[in-house]
Structure formats: C-alpha cells, structure tokens
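A look at the structure
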Amino acid sequence: MEELDELRNVAYENARIFKDKVKRLHDCRICHKKLYPGMKELLFNSRLKLFPGKLKSRWSGPFLLKEVFEHGAVELFNENTKESFRVNGHRVKPYYEHQSQTMEVESQALHNPC
C-alpha cells in the first residue's frame, strides 16, 4: 500500500513538472500588444459564431482608441456615430490604413525623380 502511495506521489510530481514546462513554453510565445490613445483599431465580433456567413468578416471598425485602462480594457470611439464604449483589450488589433497605396506612391517617386 505504501508503494502505491509513493508511486502516486511520483506521478503527481512528474505531472506538475510537465505542466510547468508547458506553461513556460506557452508564456514565452505570448506577444503583448502595445496600445496607445489615438491609434485606429479593429474590433473582433465574437457573437458572429451564432450566424456564420461565409464571406462576412468577424472584424468591425476601424475605431479610434480613446483610452487604455490598467486592467486591460480599452475605450473605443466610433467616428461615424460619435459614441464611445469599453471592451476587453484582447478583442482589438491595430488597423493599418492604405499601406499598399502609400507604397505605390513611394515606389513611383523613386522611379520618377521629376
């Protein structure tokens, strides 16, 4: 009976060590977002899963980032409706405006020095 208890304790200890290693591996791959007021952000719509559409995007926006709170929440401002609301910071991602157009203009300026 004592041997079974000892084997169980060894198994628990090995499982704890394995979980700690996996946690460290996952934690080192987390990329922390740097959010600043004035940035434009896209908002993830998690409720779209109820009525999925093939071509419907789950990201809405862009919204203007008004304020970043300490506990991870952000306040977004909708420029069209002039409303602001708070959401979890994990639901937003940066919005990059017209990069392809600016890159084309820059490449044309490099090729045509006039």
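Residues numbered from 1 in each chain as written. Predicted model: local features only at pLDDT ≥ 70, side-chain atom pairs only at ≥ 80, totals over all residues. Heavy atoms only, no water.

A word on the side chain of E41
By the element assignment, E41 lies in strand β1 (residues 40–44). Classification of E41 by relative accessible area gives buried; the value is 0%. Setting aside chain neighbours within four positions, we find E41 in contact with L35, P62, F63, L65, L76, V92, K93, P94 and Y95. (Helix = DSSP H or I, 4+ residues; strand = E, 2+ residues; numbered from the N terminus. Buried < 20%, exposed > 50% of the residue type's maximum accessible area, 1.4 Å probe, protein only. Contact = heavy atoms within 4.5 Å.)

Things to note about the packing of aromatic side chains
One pass over the structure, following the stated rule, counts 2 aromatic pairs. Here F63 and F85 contribute two aromatic rings whose centre-to-centre distance is 5.4 Å and whose plane-to-plane angle is 85 degrees, an arrangement assigned as edge-to-face. Of this pair, F63 sits in strand β2 (residues 59–68) while F85 sits in strand β4 (residues 83–88); the two residues are 22 residues apart in sequence, bridging distant segments of the chain. Cation over ring: K93 sits above W59, and NZ or CZ is 4.3 Å from the ring centre. (Phe/Tyr/Trp six-rings, centres within 6.5 Å; stacked < 30°, edge-to-face > 60°. Lys NZ or Arg CZ within 6 Å of the ring centre and 35° of its normal.)

Focus: the pattern of salt bridges
Throughout the structure, instances matching the rule amount to 4 salt bridges. In this structure, the salt-bridge partner of R16 is E13, at a minimum N-O distance of 2.5 Å. Of this pair, R16 and E13 both sit in helix α1 (residues 2–28), separated by 3 residues, roughly a single helical turn. The exposure class assigned to E13 is partly exposed, which follows from its relative accessible area of 35%. For D20, the salt bridge goes to R16, with nearest N and O atoms at 3.1 Å. Here the residue D20 and the residue R16 both occupy positions in helix α1, the gap between them amounting to 4 residues, near one helical turn. Residue D20 is classed as partly exposed on the basis of its relative accessible area, which comes to 33%. For R16, a relative accessible area of 42% translates into the label partly exposed. Salt bridges linked by common partners bring E13, R16 and D20 together as one network. (Salt bridge = Lys/Arg side-chain N within 4 Å of Asp/Glu carboxyl O.)

Description of the sheet that holds β2
Across a sheet, paired strands are connected by hydrogen bonds in the backbone, their directions being either parallel or antiparallel. Pairing in this open sheet of 5 strands is antiparallel, and the strands run β4-β3-β2-β1-β5 from one edge to the other. Looking at strand neighbours, the two that pair on one side only are β4 and β5 (92–94), the edges of this open sheet. Along the sheet, successive strands turn relative to each other by an average axial angle of 45 degrees, direction set aside. Taken together, the 4 bridges between β1 and β2 define a ladder with antiparallel strand orientation. Residue pairing across strands places K40 opposite L64, the latter belonging to β2. (Pairing = 2+ DSSP bridges. Axes fitted to C-alpha atoms, helices over the stretch in contact; angles between N-to-C directions.)

Focus: unusual backbone geometry
We note that K82 has phi near 60 degrees; this positive angle belongs to a residue other than glycine. Mapped onto the elements, K82 comes out in the loop between β3 (73–78) and β4.

Observations concerning the pairing of β3
Counted residue by residue, β3 has 5 buried out of 6 residues, so it is predominantly covered. Connecting β2 to the next strand, β3, in antiparallel fashion are 4 residues, including G72 with a positive phi near 105 degrees. Of the pairings in the sheet, the one linking β3 to β4 comprises 6 bridges and is antiparallel in character. Opposite A73, over in β4, you have N88 as the bridge partner. Linkage of β3 to β4, two consecutive antiparallel strands, is achieved through a turn of 4 residues, within which K82 is found at a positive phi near 60 degrees.

It is worth stressing that arrangement in space is one thing and function is another; only the former is reported here.
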